[in-house]
Amino acid sequence: MALRKAARPRSASGKLETFPRGSILNEPRESTAKTEASFQRAQTSLGGSRFQAVSPVSLRSFSEEAREESSWLPEWLEKELLKGQQRSHSIGLLENILEHEGFRRHIDSVKSLRKGKIEQQVTLEQLQKLNTAFQELEKNGCKSLDIEKFKQVMKKCMAPHKTSDGQIQKLFMKIDCAATGRIQWDEFCTYMQLEYAEQGMSAARLKELTFSLPAVIEERSHGEPVLRICSLFDNTLVMTQEDGVISFWSPQLKLKRSKMVFEKPVNKKSKWATDFTVMTHYNKLILGTGDREIQLYEMSNFEPYCQISGLEVIPLKLDYCCTDPDECMILYGDDQGCVNILLLSSVGELLRMWKKLPKAENLPSIGIENAVLSPNVTYIRWKVHGDWVTQLHYYDSIKAVISTSNHEPTALVIGCTVGATNVEQQMKKIKDCGKDSKARKGPVIPRIPPKRAEGDQTVFQVYKGVKTFAFCKKNNLIVTGGMDRIIRMWNPYMSGQPTGMLRSHTAPVCYLSISAEDAKIFSISTDNTIKVSLYTIWDIVDQTCLFTACSKTSGIKGELTACHYTPGTRSLCVAADTLALLHLRLRPPPEPHLVVSHKEPVLCCKYNKEFRHMVSCSEGSVVKVWDFETGKHLFEFSGAHGGAAITCLTFDVSGRRLITGGRDGCLKIWNYNNGHCLNTLKREDKCAEVCDCTYVEVNRSRYIIAVGWDRRISMYFDSADDLHHFQKPQPYWQDDISCGHKEDILCIAQCPPNLLATSSYDGEIIIWNMISGHIYRKLHTSFPTHCAGTEAVDTSITQLVFLRTRAVKFESTAASLISNGPQGSVNFWSLFSGIPLTASFIPSRVKSHISSIAVTADDSFIYAADDDGYVYVYSIKDYALQDPEREPPKYVNHWRAHVNIVVSVEVVDEEKVLLSSSIDCTVRLWSLDGEYIGTFGQAEPWEIFTPASWKHPRVPYEILIDPQSMPIHPMLEGEPPVLQLINTEPSNVTLENSLSKIEAGALQEDKETTCSWGTEYISHNQQL
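What this report covers is the structure whose coordinates are included nearby. Please read these numbers as outputs of a predicted model, since none were measured by experiment.

### A look at the sheet that holds strand β37 (residues 658-662)
And step 1. One open sheet holds the 5 strands; their spatial order is β36-β37-β38-β39-β43, and the pairing between them is mixed. The open sheet has two edge strands, β36 (646-651) and β43 (726-727), and neither has a second partner.

Structural data, given as structure tokens:
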């Protein structure tokens, strides 16, 4: 496939988030374990030196500490402790005490897994003590504190809680991000304020829930407004309009069927509907009309079934509930503030009997006075509100009716259906019925509806009344909304004061719904003047607004008339001028056995030795901070570069500040421990993507150097005295302008004291003298002659690594720079000899592109990762020191670390581990021998010094099931399988032989041409 010029390789390739912890107002839990200074962590290497002096410690103290921590121990640590307890020990001998060093280290491992940041343990009282201490020191002339005085103040003010010097020192370093050695009270408060403010924002982001916008819009035929929307068991939506049109819609908002149930009268006013509900157990629709009727229709074909006529009032709001087998109740609220209840038994038989009655307007009809004469019908009417009923619903879970109105003293009432037995109340009821009731044999409908007894109802008074409400038994919560635009949260058993008030709407709240599964509240408000609707999601626990959408973003136009939330499809249906469906944008459920570090592809990561953190950045502009020793997630902030991907990162000399570069063309300097952006570095004219950056120190001056698609080397002066937030780059080097790179610069590498290397998309490498700004040397990458003119070859160089032990010696013949090259090659360059390219070999047997390179501190081993996720290890200690090499270096090992492109690998020499990240959204840790330690973000933490806690010998699940990782039987393939070639140790196989294996079966002349590629490649570059 031809490589197009416009295509660019991926660059070397925040909102804050932490795990929920106690706030500053919470008292910290004092640690029960006590660490003794004499028992420090042992050396990581096997056979490390033992301690020279130890204090006498009994095994009882070990076991006691183990029991204290046992409730939290990971499985691997429990096994290690059990192994240690199975041995017998002589406590009096020093040798046996030393043998328990490993056992003590396991106890220390527990503490390291449970260690927290000291700033998250500070209480309000302790913060006040710190303020007083700072003020006293300031009065004595000490306006800032150094590390020693800060330790004294913290230990004094944090008492009786134990704080270690290491914890205090780390806090000091986080506050003193400029590495001045002193901090002030203002700096301390700023750090703490940002820490806790971002934690609150982080908690909200963890619960983030949004609608997919714009909404799914479905046009509907012009007619009367939709009164109500209900959903059936299969999530089918049922809607009724004021003119009597009933329609069924699929969950995807596709019309199934509809019908006008009211017949058009002749010389008579049209009938109009007031509300409807679904009689699900009997497959009926219940419809209330303005003619004081309750009509029943077959749900399957909309055919009329029967009706109850002659009601004393208009049924404004309807509800239905099945209470027992073949028993139910129909409720309706009227314009007189009454709650009317029809208790029906033997429902099936009763409805069949009503269907046989004489018809009125093509409907079998029975008057309410005749209906209540049946022994299967009980009619109850309560005077509840001082204004008409705005909503009512019977909840079988609490055996009560909740009804609302705009009348403030009786805004919301929770009451029983039948009422408690009260002799005085019954006697008064009989007297009020009058003499006419004596002649009646059956039940009597009272002319004046009675009120419930005080003990039979709970009344909630709400300012300006209640227009809508929602109830959740699981959360024991009622939410109300109305004309005052405030959503109130109530405990159903406490009517005095609301438990919470949600303020965000700027218009009356017309709809509320509670999602018990997600613990979320959905609210909708409408402004009838400007016809703007707001769709808001609230969190029940935190009582915070999670999401808001206006009509412009949702695409919903017109006055809102009805809404309904369907839990089954997690969607909100809105009826206005059109029908709209808003689907919740849910996070995909995590796949079993699949662990990811980021939601988006990881583009860069780096180890910070000062704080022992690992920092990773993703394509979603998210920066995450991880504990290197345990793999636990410590901190994160998102939107670091707006919505632009973060392509590169580095640290300053002190390791306290993070520098990130993004596709927005900006560099940003962060105090990454609290997500505070300290400076923004950018050009004025244009903002091209930043591909790589580094931090250098030249002649006691410090600079941040960035390269990217602007094809220039941008240097920003780093000074603590510069108080400007936005900074511009220094003037460009003259050589950079006149004879610098002609294509996009993809990579940068530095070698103290003065060497700088950059590489570009066209395969050019330029070595710079950072002191003078002049070009020291240009290196050009070529490609095989037989490929020219037949297919385009990607010559871009995205990786540069200095062999610093060789470069600082200025050895004339030894290769001191490594780069990746075309067709999966790794090139060794000599900077001080006449023959620049001294060696070239292909680590991947399938010529997969090398995407990342790292070397050990002593330049003994090279770790090369490719686009297929493999990591190859070669020994280069004695490689390319003098004459050009025609053989590859000594093969050591290889393994598959990821299932996609590896964007970065880094050797952490102090701990003898390898850090790798990939666009497969994972960041992983390996031993230098390829043993799998773990993936950052996994549920169970590891202990870096305890191999028993590592995942080895297991491998990541996605690697295990990936087809490219599967073995291929040679008999099923016409040529040797790729993985067989990969797994073949190539220590004694030359480049020509390996390539000839891949090209087996080709013509002889093609084979000879391919085999001579390595020699041609080196010879061609030697001529340059």
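### Some points on the sheet that holds strand β45 (residues 755-760)
And step 1. Judged by pairing direction, the sheet is antiparallel, and its 4 strands sit side by side in the order β44-β45-β46-β47 without closing on themselves. Each edge of the open sheet carries a strand with a single partner, namely β44 (745-751) and β47 (775-780). Going from strand to strand, the sheet's axes swing by 15° on average, the running direction of each strand aside.
And step 2. Sheet analysis places strand β46 (residues 764-769) next to β47, joined by 5 bridges and oriented antiparallel. Each bridged residue has a counterpart across the sheet, and for W768 the counterpart in β47 is I775.

### Focus on the pairing of strand β12 (residues 317-324)
And step 1. Here β12 pairs with strand β13 (residues 327-333) via 7 bridges, running antiparallel. By the bridge assignment, K317 is partnered in β13 with G333.
And step 2. Once β12 ends, the chain turns through 2 residues before running back antiparallel as β13, passing D326 with a positive phi of about 65°.

### Some thoughts on the packing of helix α6 (residues 147-158) against helix α7 (residues 165-175)
And step 1. Packing of α6 against α7 brings their axes to within 10 Å, and their N-to-C directions diverge by 120°. Here α7 runs oblique to α6, going by the angle between their axes. When the axes of α6 and α7 are compared, the crossing they make is right-handed. In this structure, α6 contributes I147, F150, K151, M154 and K155 to the contact, and α7 contributes D165, I168, Q169, L171, F172 and I175.
And step 2. Of the residues belonging to the contact of α6 with α7, the class tally is 7 nonpolar, 1 polar and 3 charged.

### Structural notes on the environment of L800
And step 1. With respect to the secondary-structure elements, L800 resides in strand β48 (residues 800-802).
And step 2. Between the C-alpha atom of L800 and that of S759, which follows or precedes it by 41 residues, the distance is 7.5 Å.
And step 3. When neighbours within four sequence positions are excluded, L800 is seen to be in contact with C747, A749, A757, T758, S759, I765, L817, I818 and S819.

### Observations regarding the pairing of strand β57 (residues 913-918)
And step 1. Most of β57 is tucked away: 6 of the 6 residues are buried.
And step 2. Here β57 shows two buried faces, one formed by V913, L915 and S917 and the other by L914, S916 and S918.
And step 3. Across 6 bridges, the pairing between strand β56 (residues 902-908) and β57 is antiparallel. The residue of β57 that forms the bridge with E906 is L915.
And step 4. Taking the residues that link successive antiparallel strands as the turn, the β56-β57 hairpin has 4 residues, and the phi of K912 there is positive, at about 60°.
And step 5. Two elements, β57 and strand β58 (residues 923-927), share 5 bridges in a ladder whose sense is antiparallel. Among the inter-strand pairings, V913 is bridged to a residue of β58, identified as S927.

### Quick notes on unusual backbone geometry
And step 1. Residue P753 follows P752 across a cis peptide bond; omega there is 10°.
And step 2. By the element assignment, P753 lies in the loop between β44 and β45.
And step 3. In this structure, P953 follows H952 across a cis peptide bond, with omega equal to 10°.
And step 4. Relative to the helices and strands, P953 resides in the loop between β59 (932-935) and α15 (957-961).

### Considerations on the side chain of S851
And step 1. When you line up the elements, S851 lands in strand β52 (residues 850-855).
And step 2. By relative accessible area, which is 8% here, S851 ends up buried.
And step 3. Of note is the side chain of S851, whose polar atom sits 3.4 Å from the backbone oxygen of D866.
And step 4. In this structure, S851 is in contact with T798, Q799, A865, D866, D867, I901, V902 and V903, ignoring residues within four places of it in sequence.

### Focus: the nonpolar core
And step 1. Ranked by internal contacts, the top residues of the largest apolar core, which has 27 residues, are M279, L344 and W354.
And step 2. Broken down by secondary-structure element, the contributors of at least two residues to this core are β10 (293-298), β11 (304-309), β12, β13, β14 (338-345), α9 (347-355), α10 (368-371) and β16 (377-383).
And step 3. In terms of residue count, α9 provides more of this core than any other element does, 4 residues in total.
And step 4. Leave out the neighbours within four places in its chain, and L344 touches D326, E327, C328, I330, L350, W354, N376 and V377.
And step 5. Counting residues in each nonpolar core, the second largest holds 23 residues, with C142, I168, L171 and M192 among its members.

### Quick notes on the pattern of salt bridges
And step 1. The full count for this structure, using the stated rule, is 28 salt bridges.
And step 2. Residues R612 and E911 are paired through a salt bridge, measuring 2.8 Å at the closest nitrogen-oxygen approach. Highlighted residues: R612 in the loop between β32 (602-608) and β33 (613-618) and E911 in the loop between β56 and β57, separated in sequence by 299 residues. The two residues R612 and E911 agree in class, both being buried.
And step 3. Salt-bridge contacts for E689 lead to R663; the nearest nitrogen and oxygen are separated by 3.8 Å. Here E689, found in the loop between β39 (676-681) and β40 (690-698), pairs with R663, found in the loop between β37 and β38 (667-671); they are 26 residues apart in sequence, far enough to count as distant.
And step 4. On the accessibility criterion, E689 (10% relative accessible area) is buried.
And step 5. Residue class for R663 comes out partly exposed when judged on its relative accessible area of 31%.

The rules behind the values
- Residues numbered from 1 in each chain as written.
- Predicted model: local features only at pLDDT ≥ 70, side-chain atom pairs only at ≥ 80, totals over all residues.
- Heavy atoms only, no water.
- Pairing = 2+ DSSP bridges.
- Helix = DSSP H or I, 4+ residues; strand = E, 2+ residues; numbered from the N terminus.
- Axes fitted to C-alpha atoms, helices over the stretch in contact; angles between N-to-C directions.
- Parallel < 35°, antiparallel > 145°, perpendicular 65-115°, else oblique.
- Left-handed = near helix turned anticlockwise from the far one by under 90°.
- Contact = heavy atoms within 4.5 Å.
- Nonpolar A, V, L, I, M, F, W, Y, C, P; charged D, E, K, R; others polar.
- Buried < 20%, exposed > 50% of the residue type's maximum accessible area, 1.4 Å probe, protein only.
- Polar contact = N/O pair within 3.5 Å; in protein donor to acceptor, adjacent residues only side chain to side chain.
- Core = buried A, V, L, I, M, F, W, Y, C linked by side-chain atoms within 4.5 Å.
- Salt bridge = Lys/Arg side-chain N within 4 Å of Asp/Glu carboxyl O.

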